[in-house]
Protein chains: 2
Amino acid sequence: MFVVEGDKIVTDIIQQDPSGIEQLYLTEKWYKKSDLSSRQKHSLQISILKSGEMERISSFKSPPEVIALIHIPHFQLDYDEIAGNLSLVLDKVQDPGNLGNIIRIADWFGIHHIICSSDCADCYNPKVLQSTMGSIIRVKTHYTDLSTFLQKLTPLPEFGVYGTFVNASNIYTSSLLPAGVIIMGNESKGISKELFPYIREKISIPAFQNHNRSIDSLNVAAATAIICAEFRKRTG
Amino acid sequence: MFVVEGDKIVTDIIQQDPSGIEQLYLTEKWYKKSDLSSRQKHSLQISILKSGEMERISSFKSPPEVIALIHIPHFQLDYDEIAGNLSLVLDKVQDPGNLGNIIRIADWFGIHHIICSSDCADCYNPKVLQSTMGSIIRVKTHYTDLSTFLQKLTPLPEFGVYGTFVNASNIYTSSLLPAGVIIMGNESKGISKELFPYIREKISIPAFQNHNRSIDSLNVAAATAIICAEFRKRTG
């Protein structure tokens, strides 16, 4: 199970899919002001905490008014759904803040699946959950071996397998397909060599040319944001 | 003064502008493998640390091989330079990770000035420095009263004052000028009302339309990345 803290994310989860909630811990004040229906009040396991208890169980500096304990969902990788849509593939993205941010970017751009290598950050890590702002419940995050996953996509026609690099074809002049996967690599090493054979098109975000460049890359979440925006603008 | 840790950022600073360095603390191993010229070895204040000392002074879990103590630079706001270029204005951006990330995005896109409200995160906070990856020394970050700053730009012709909102004109169909400022607001509250009178064009990043949207915004650094990319693509 995992823990989410705070009014906004817990309210989001109750409204969208309360079935995974094992237990809610809340203050009396939150219980009174919340929009819980009487049916929800009956069906959810609710513990109203006494003064001081929230401070003790919260991982936040200022304790929230509600905390939920939630079952980790188990998704099957649906290859038919992936074949017809745009998804993200993350290769060793290790910073929890980056992963959380990428999940939130995916949600904004209507990307429903993120396929992570087994050595990516854990999406139920509290730092990830805090950066996702509730997107964790709308975007399905899978952990698997990426070579095996990408190999299964090889026969698909009209399907893009895009690898993001620092120096490759300019994304603004590359041809982009509406269905495919966009591979984002590790924060310092980029995409692993063993995934290169599966990549059909290498793409890059051009840096501004007139400047004395010595920065060597964009942060992976910032790059994901720019690339997803461009895909959705042109193919969405 | 402020402290930066790690081979990459310290090497960047030595190569680009060593004048601000007060002192370098380094291991013997780093001293031997570093590319310091004999002139640099004479002009820089260097302390070679004994085994165990780096662990004690570093704020990192795994201590780096070099740490630099650097004077905080003092920049004057150069209105002539701002009048002819694209700059970022940050209104109450409070998360250090977001600020660091935005400084790095600015560097990638050749934006040389970031003007912050006095209540933004401190750009010399160790978390900011870690996310900037050395861009802190190439991008000038100013702290000032934003109303006063924006008021001085009011008479400028052919100069855009763009405010970023969740629901405004689509950036892809807005007219964008090569010189101007892009205002990004606070992580939860957006741009302060007192800055509204100075905004000449409101812009938004469109969310993907076909999805069951309940996410209410992009992270401010992700939004900055997308907006800077679009400006540089169309006006750069």
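Computed from a prediction, not measured in an experiment: that's the story for all the values here. (Residues numbered from 1 in each chain as written. Chains lettered and ligands numbered in written order. Predicted model: local features only at pLDDT ≥ 70, side-chain atom pairs only at ≥ 80, totals over all residues.)

A.B. asks: Could you give me a rundown of the overall build of chain A, with the residues and numbers involved?
C.D. replies: In terms of helices and strands, chain A carries nine helices and ten strands. Considering only C-alpha atoms, chain A reaches an extent of 60 × 45 × 30 Å along its principal axes. By the burial criterion, 42% of the 236 residues in chain A qualify as buried. In chain A, the proportion of contacts linking residues at least 24 apart, taken out of those at least 6 apart, comes to 77%. (Helix = DSSP H or I, 4+ residues; strand = E, 2+ residues; numbered from the N terminus. Buried ≥ 20, exposed ≤ 12 C-beta atoms within 10 Å, placed from the backbone. Contact = placed C-beta atoms within 7 Å.)

A.B. asks: Break down the pairing of strand S8 (residues 160–170) of chain B for me, citing the residues and quoting the values.
C.D. replies: Residues and elements named next belong to chain B. Sheet topology places S8 next to strand S9 (residues 180–184); four bridges connect them, and they run parallel. Residue pairing across strands places Tyr 162 opposite Ile 182, the latter belonging to S9. Note that S8 and strand S10 (residues 201–204) share five bridges and pair parallel. Bridge pairing links Tyr 162 to Glu 201 in S10. (Pairing = 2+ DSSP bridges.)

A.B. asks: Describe helix H9 (residues 220–235) of chain A, listing the residues and the values that go with them.
C.D. replies: For H9(A), built from 16 residues, the straight-helix expectation of 22 Å at 1.5 Å per residue is met to within 8% by its first-to-last C-alpha distance of 22 Å. Burial within H9(A) is extensive, with 13 of its 16 residues counted as buried. (Expected span 1.5 Å × (residues − 1).)

A.B. asks: Explain the relation of the copies chain B and chain A to me, and be specific about the residues and the numbers.
C.D. replies: When chain B is fitted onto chain A, the two copies agree to an RMSD of 0.1 Å after a turn of 180 degrees and an axial shift of 0.0 Å. What the superposition gives is, in effect, a two-fold axis relating one chain to the other. Interface residue correspondence from chain B to chain A reaches 100%, placing this contact among same-surface, isologous pairings. (Least-squares fit on C-alpha atoms with pLDDT ≥ 70 in both.)

A.B. asks: Lay out the domain arrangement of chain A in plain terms, naming residues and giving numbers.
C.D. replies: Residue and element names in this part refer to chain A. Along its sequence, chain A is organised into domain 1 (2–70) and domain 2 (79–207 + 214–235). Computed over C-alpha atoms, the centres of domain 1 and domain 2 are 32 Å apart. Between domain 1 and domain 2, the contact holds nine residues from the first and six residues from the second. Breaking the side of domain 1 that touches domain 2 down by element, the ones donating at least two residues are strand S1 (2–5) and helix H1 (7–16). When grouped by side-chain class, the residues that make up the side of domain 1 that touches domain 2 number four nonpolar, two polar and three charged. (Domains from an automatic or database assignment. Nonpolar A, V, L, I, M, F, W, Y, C, P; charged D, E, K, R; others polar.)

A.B. asks: Which residues make up H1(A), and what values go with them?
C.D. replies: In an α-helix, one turn spans 3.6 residues, which is why side chains three or four residues apart end up on the same side. All names here are of chain A. All buried positions along H1 are accounted for by Ile 9, Val 10, Asp 12 and Ile 13. Viewed end-on, H1 has its buried residues packed into an arc of 155 degrees, placing them on one side of the element. Along its buried surface, H1 packs onto S1, strand S2 (21–26) and strand S4 (66–70). (Arc of directions from axis to C-beta.)

A.B. asks: A description of the interface of chain B and chain A should follow, citing residues and the corresponding values.
C.D. replies: Interface extent is often summarised as the accessible area lost during association of the parts. Contact with chain B, which involves 29 residues of that partner, is made by 29 residues of chain A. If you list the elements that add at least two residues to the side of chain B that touches chain A, you get helix H1 (7–16), helix H6 (96–108) and helix H9 (220–235) of chain B. The greatest single-element share of the side of chain B that touches chain A, amounting to seven residues, is contributed by H9(B). Its residues assigned to classes, the side of chain B that touches chain A shows 14 nonpolar, ten polar and five charged.

A.B. asks: Quick rundown of the packing of H9(A) against H9(B)? Include the residues and the values.
C.D. replies: Direction vectors running N to C along H9(A) and H9(B) enclose 55 degrees, while the axes themselves pass 8 Å from each other. Considering the angle they form, H9(A) stands oblique to H9(B). Considering only the axes of H9(A) and H9(B), their crossing is right-handed. Residues Ala221(A), Ala222(A), Ala225(A), Ile226(A) and Ala229(A) of H9(A) form the contact with H9(B), whose participating residues are Ala221(B), Ala222(B), Ala225(B), Ile226(B) and Ala229(B). (Axes fitted to C-alpha atoms, helices over the stretch in contact; angles between N-to-C directions. Parallel < 35°, antiparallel > 145°, perpendicular 65-115°, else oblique. Left-handed = near helix turned anticlockwise from the far one by under 90°.)

A.B. asks: How would you explain the packing of helix H6 (residues 96–108) of chain A against H9(A) if you had to name every residue and give the values?
C.D. replies: Residues and elements named next belong to chain A. Closest axis-to-axis distance for the H6/H9 pair is 9 Å, and the angle between their directions is 10 degrees. The pairing of H6 with H9 is recorded here as roughly parallel in orientation. Helix-helix and strand crossings are classified by hand; for H6 and H9 the assignment is right-handed. Taking contact as the criterion, the partners of Asn 98, Asn 101, Ile 102 and Ile 105 in H6 are, on H9, Val 220, Ala 221, Thr 224, Ala 225 and Cys 228. Per-class residue counts for the contact of H6 with H9 are six nonpolar, three polar and no charged.

A.B. asks: Would you mind going over unusual backbone geometry in detail, with residue names and values included?
C.D. replies: Residue and element names in this part refer to chain A. The phi angle at Lys 92 is positive, at roughly 55 degrees, despite the residue not being glycine. Mapped onto the elements of the fold, Lys 92 is located in the loop between strand S5 (86–90) and H6. We classify Lys 92 as buried; it has 20 C-beta atoms within 10 Å.

A.B. asks: Give me the lowdown on the environment of Phe159(A), citing residues and values where you can.
C.D. replies: Residues and elements named next belong to chain A. Considering the arrangement of structural elements, one finds Phe 159 in the loop between helix H8 (146–153) and strand S8 (160–170). Linking Phe 159 and Cys 123, residues 36 residues apart in sequence, is a C-alpha distance of 27 Å. Discounting residues that sit within four places of it in the chain, Phe 159 has contacts with Ala 83, Leu 153, Leu 177, Ala 179 and Gly 180.

A.B. asks: Run through the sheet that holds strand S3 (residues 46–48) of chain B, naming residues and quoting values.
C.D. replies: Residue and element names in this part refer to chain B. Taken in spatial order, the four strands make up an open sheet running S1-S4-S2-S3, and their pairing is mixed. Strands at the two margins of the open sheet, each flanked by one partner only, are strand S1 (2–5) and S3. In this sheet, neighbouring strand axes are inclined to one another by 20 degrees on average, regardless of whether the strands run parallel or antiparallel. In this sheet, S3 lies alongside strand S2 (residues 21–26) in parallel orientation, the contact comprising three bridges. Bridged to Leu 26 within S3 is Ile 48. Most of the contacts of H1 go to strand S4 (residues 66–70), to which it runs at about 45 degrees, and overall it touches S1, S2 and S4.

A.B. asks: Could you give me a rundown of the confidence of the model for chain A, with the residues and numbers involved?
C.D. replies: Put simply, chain A has an average pLDDT of 91, and 97% of its residues get 70 or more. Here the predicted complex scores 0.91 on pTM and 0.89 on ipTM. (pLDDT = per-residue confidence, 0-100.)

A.B. asks: I'd like a rundown of the environment of Ala168(A), residues and numbers included.
C.D. replies: Following the sequence through the fold, Ala168(A) ends up in strand S8. Each residue touching Ala168(A), except ones within four places of it in the same chain, is listed here: Lys202(A), Ile203(A) and Ser204(A).

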